[in-house]
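Descriptive analysis of the structure
Chain by chain, the residues:
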Amino acid sequence: MGKHLIFALVSLSSPMSYAYRVFSHILQPNIFTCNSMIRGYAESETPQPAMQIYHQMHVSSIKSDTHTYPFLLKAVSKILDVKEGEQVHCHAVKDGFESLVFVQNTLVHMYATCGVAERAYKMFERMTIKDLVTWNSVINGFAVNGRPNEALTLFREMSLEGVEPDGFTMVSLLCACAEIGALALGRRTHVYIFKVGMNDNLHVGNALIDLYAKCGAIKDAYRVFREMDLKSVVSWTSLIVGLAVNGFGKEALELFGELEKEKLQPSEITFVGVLYACSHCGMLNEGFEYFKRMDKEYGIVPKIEHYGCMVDLLGRAGLVQDAHDFIRKMPLQPNAVVWRTLLGACTMHGHLSLGEIVRARLAQLEPQHSGDYVLMSNLYASERRWTDVQKIRKTMLKERVKKFPGQSLVEIGNCMHEFIRGDKTHPRSGEIYEKLEEIWRMLKPEGYVPRTANVLVDIEEEEKEDALCYHSEKLAIAFALISIPRGAPIRVIKNLRVCADCHVATKLISKVYNREIIVRDRSRFHHFKDGCCSCKDYW
C-alpha cells in the first residue's frame, strides 16, 4: 500500500479504531499523519487517544506544527483534563505557536470548558486580535461556571467593540441571565434575537425556554415552546423540567405524555424532570411507575441522579426508613448527594437516630460540606439538644467549615439587589424596614403568628420573633413592594430552602397586597397568589 494512500485512509477512516490500525502499520509517521489522527480523535466520542498520539510524537521527535495544537486542545476540552491542557499550553509556547489566533482561541476555550474561567480570561486579555470565537469562548466560560455577572459584563464590552453576536453568543447570554434570574435582561435579549432573525435557531429557542423556566415565567417558556417550528427532545425536556421545578408536576407529566404520542425518544434528563415532578408533587406511585418504565420501555438504565430522585420522593413523603432501605439496595454506589438527600429528609421529619447514621457516612465522603453540619445541627435543635448543637458549631470552627448565609436577590430596574438576614447596608434600608413594620401590622389581622419553632437556636422567644422578621427574602419582598409598580409580579431568588415561617408570611403578603410573588429557592419555585402557593404546602 502506497504511503499517500495510507495517509488518505488515516485522514478519512471512520471509526477511529480502523484508522488506528492503519496508522499503527506506518513505520515512520510524519506530522501530517499524526495531525490526522489527533484531529480524528478530537472530533470523536473517544478523544483520550489524541494525547497518546501526541506523546508518541515527542518520543519519535516529530515536531508539532500550526495544525497540531487546535485539535489537541479540543481533545483536552472534551476530556476536561486541565493539567494535561497546561502541559500542552507550555509546549505551544516553547514551539512558538501561542501567538497564533486559532491556537489562542482554543486555549481560551480549553480553560473555559475545564472550569478555569479566570485562566481563560487571562489568556483572553493577552490577545491582541479577538474575533467572535474568542468572545464566545470567554463569555460562555463564565456563564457555565457560575459567573453570570462577568459573562454579562463581557457581553457589554463585546457590543462596545462592535463585534456582532451569533447564536452561540445568545445561548451563553441567556444561560447567564437564567443563572441569576435576570428576567428583564433576558426579555431584552429575546427582543434582540427576534429583531436579528435568530428566533428560528433551535439552540436559541431551547435556551429561551430554559431562561423563562428558571425565572419562574413558565407561561413565557410554554409560549416559546409552542411557537418553535422545529423542536428537539432537548426542547421537550427543557419545558418538562421547567414545569416540574415550578411546581406544575401534573402539567409536566401531561407534556411527557405528548412527547410519547409524538413517538420521540426521551433522554436520561427527561426522566430526571419526570421523577422530579413526581417527587415535588407527592406522586409516590406515579414516580415508581415512571422509574420502572425507564428501563423496561426505553432501555434507559437509571443513573445516580434517578436514584437520587427516588430517595427524595420517598423522603418528602415521610417514608424515611423506606428511603434508607432503597439506598441500601441500589445497584450503584450511593454518592454524597444521595446520602445528603436522606439527611435532609431525616431533618424534615425528625428521624434523629437515622440522621446520625447518615451523617457518619457523609463525614467519610465529604467531611468539609457545610450543609451537612447545618442539617445535623438543625436536627439536634429540633429535639432541643443544645449541647450537641454547640458541639457541631465548635467542630465547624475547628475544621474551618464556613456556613453560607441566606441570601435573596430581587431584580429592580435591570439591577440585581442582594439581601442577607438583618441587612441594613442597602441605600433604602430605612424605607425597607418601615415597610416591614407595615407588613407585620397588616398580617396580624390575617392570623399571622411567627413560627418561632423554625428558629433553631437557644434564645428568648422575643429574639426568635425578631430573627424571623428580618429573613433575607422578607427584606427583598419589602424592597420590591416599595419599588415595583402595583400589579407587577415580584420575583425573588434565594440560595437556601424557604423556611416554613417565610412560606406562611409570603402567602399572606400575596393576599393582603394583591401581588403575585414568585420565589425561587435552592431546589424549586413557589408561586404565591391570593394567599396560596403552587406547591400546595408540599416542598
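Residues numbered from 1 in each chain as written. Predicted model: local features only at pLDDT ≥ 70, side-chain atom pairs only at ≥ 80, totals over all residues. Heavy atoms only, no water.

1. So, the overall build of the protein
Basically, it comes down to this: Helix and strand definitions here come from DSSP, where helices need a minimum of 4 consecutive H or I residues and strands a minimum of 2 consecutive E residues; each element is numbered from the N-terminal end. Here the globule rule is a power law, 2.2 Å times the number of residues to the power 0.38, and the radius of gyration is based on C-alpha atoms. Burial here depends on accessible area, computed with a 1.4 Å probe over protein chains only, as a share of the maximum for the residue type. Under 20% is buried, over 50% is exposed, and the range in between is partly exposed. By the convention used here, residues are in contact when the closest approach between their heavy atoms is within 4.5 Å. All accessible areas in this document rest on Shrake-Rupley with a 1.4 Å probe, and a residue is counted as covered only by the protein chains that are shown.
A tally of regular secondary structure across the protein gives 28 helices and six strands. The C-alpha radius of gyration computed for the protein amounts to 27 Å, which stays within 12% of the reference 24 Å derived for 539 residues, consistent with globular compactness. Projected onto its principal axes, the C-alpha positions of the protein cover 90 × 55 × 55 Å. Here the protein holds 539 residues, and the buried ones make up 50% of them. A separation of at least 24 residues holds for 63% of the contacts in the protein among residues at least 6 apart in sequence. Accessible surface, the protein as shown: approximately 26,900 Å² in total, 53% of it carbon and sulfur.

2. Let's talk about the pattern of salt bridges
The criterion, for reference: We count a salt bridge whenever a side-chain nitrogen from Lys or Arg sits within 4 Å of a carboxyl oxygen from Asp or Glu.
Applying the stated criterion to the full structure yields 26 salt bridges. One salt bridge in this structure joins K507 and D537, with 3.1 Å as the shortest N-O distance. Of the two residues, K507 sits in helix α28 (residues 500-512) while D537 sits in the segment after β6 (532-533), which places them 30 residues apart along the sequence. Through salt bridges with shared partners, a single network forms among R187, D220, R223 and E227.

3. Structural notes on the pairing of strand β1 (residues 407-412)
The following threshold applies: Between any two strands, at least two bridges found by DSSP are needed for them to pair.
Two elements, β1 and strand β2 (residues 415-420), share six bridges in a ladder whose sense is antiparallel. Across the sheet, L409 pairs through a bridge with E418, a residue of β2.

4. Details of the environment of R400
Note that R400 resides in the loop between α24 (386-398) and β1. Considering only alpha carbons, one finds R400 and Q368, 32 residues apart in sequence, at a separation of 8.5 Å.

5. Considering the side chain of D372
With respect to the element layout, D372 can be found in helix α23 (residues 370-382). Apart from the residues within four sequence positions on either side, D372 is in contact with R340, L343, R359, L362 and E366.

6. Section: helix α7 (residues 101-113)
Note the cut-off: Here the expected length of a helix is defined as 1.5 Å per residue gap, with one fewer gap than residues.
With 13 residues, α7 extends 18 Å between its outermost C-alpha atoms, agreeing within 8% with the 18 Å of an ideal straight helix rising 1.5 Å per residue. Turning to α7, its buried residues are V103, Q104, N105, T106, L107, V108, M110, Y111 and A112. On its buried face, α7 sits against α5 (68-79), α6 (82-94), α8 (117-126) and α9 (132-144).

7. What to know about the packing of helix α17 (residues 268-280) against helix α19 (residues 304-316)
Each pair of packed helices gets described by two things: the angle between the helix axes and the distance between those axes. Selection rule: Interaxial angles span 0 to 180 degrees and are taken between N-to-C directions of axes, which are lines fitted to C-alpha atoms, for helices over the stretch in contact. Any angle between 65 and 115 degrees counts as roughly perpendicular, while under 35 counts as roughly parallel, over 145 as roughly antiparallel, and the rest as oblique. Just so you know the grouping, Ala, Val, Leu, Ile, Met, Phe, Trp, Tyr, Cys and Pro go in nonpolar, Asp, Glu, Lys and Arg go in charged, and all remaining residues, Gly too, go in polar.
Look at α17 against α19: their axes get within 9 Å of each other, and the N-to-C directions meet at 5°. Put simply, α17 runs roughly parallel to α19. Residues E268, F271, V272, L275, Y276, C278, S279 and H280 of α17 form the contact with α19, whose participating residues are E305, H306, C309, M310, D312, L313 and R316. Across the contact of α17 with α19, the residue classes tally to eight nonpolar, three polar and four charged.

8. Side note on the state of the cysteines
Simply put, the disulfide is a covalent bond whose two ends are the sulfur atoms of two cysteines. Stated formally: Two cysteine sulfurs form a disulfide in these notes if their separation is within 2.5 Å.
Under the counting rule described, the total for this entry stands at zero disulfides. The thiol of C90 is not disulfide-bonded; the next cysteine sulfur, from C114, is found 14 Å away. Of the cysteine sulfurs around C309, a residue in no disulfide, the closest is that of C278, at 9.4 Å. C309 gets classed as buried once you look at its relative accessible area, which sits at 10%.

9. Observations regarding the side chain of S44
As for its position among the elements, S44 is in the loop between α3 (31-42) and α4 (49-59). Not counting chain neighbours up to four residues away, the residues in contact with S44 comprise M16 and K78.

10. Notes on the confidence of the model for the protein
Here is the rule we go by: Here pLDDT means the predictor's own confidence in every residue, given as a number from 0 to 100.
Counting all residues, the mean pLDDT for the protein is 87, and 94% of those residues have values of 70 or more. Across the protein, element-level confidence peaks in helix α20 (residues 320-328) with a mean pLDDT of 96 and bottoms out in helix α1 (residues 3-12) with 48. For residues 9-13, every residue scores under 50 in pLDDT, and the model assigns this stretch twelve contacts once sequence neighbours within four places are set aside. Predicted confidence is poor over residues 454-465, with pLDDT under 50, and the contacts of this stretch with residues over four places away or in other chains come to 20 contacts.

11. Let's talk about the packing of aromatic side chains
Heads up, the rule is: Centres within 6.5 Å make a pair out of two Phe, Tyr or Trp rings, where for Trp the six-membered ring is used; the pair is then stacked when the planes are under 30 degrees apart, edge-to-face when over 60, and tilted otherwise. Throughout this description, the term charge over a ring refers to an Arg CZ or Lys NZ atom that lies within 6 Å of the ring centre and within 35 degrees of the ring normal.
Evaluation of the coordinates by the stated rule reveals 16 aromatic pairs. Taking the centre distance of 5.3 Å and the plane angle of 50° together, the rings of Y433 and Y470 count as tilted. Remark: Y470 occurs in the loop between α26 (461-469) and α27 (472-483) and Y433 occurs in helix α25 (residues 429-443); sequence separation between them is 37 residues. Look at Y433 and you get buried, because its relative accessible area is 13%. Classification of Y470 as partly exposed rests on a relative accessible area of 21%. Here a set of aromatic residues connected by ring pairs shows up, and it is made of Y121, F124, W135 and F142. Positioned over the ring face of F225 is K231, at 5.1 Å from the centre of the ring. Seen from the ring of Y433, K424 lies directly overhead, with NZ or CZ sitting 5.2 Å from the centre.

12. Description of the pairing of strand β3 (residues 490-494)
The following threshold applies: By definition, the crossover connecting two strands over a helix is right-handed if that path, from the first strand to the second, turns clockwise as seen with the strands pointing away from the viewer.
The element β3 is extensively covered by neighbouring structure, given that four of its five residues are classed as buried. Pairing of β1 with β3 involves three bridges; the strand directions are antiparallel. Across the sheet, residue S408 finds its bridge partner in β3, namely K494. When β3 meets strand β4 (residues 517-520), the two strands line up parallel, connected through four bridges. Within β4, the residue paired with I493 across the bridge is R520. Note on the crossover from β3 through α28 to β4: the handedness is right-handed.

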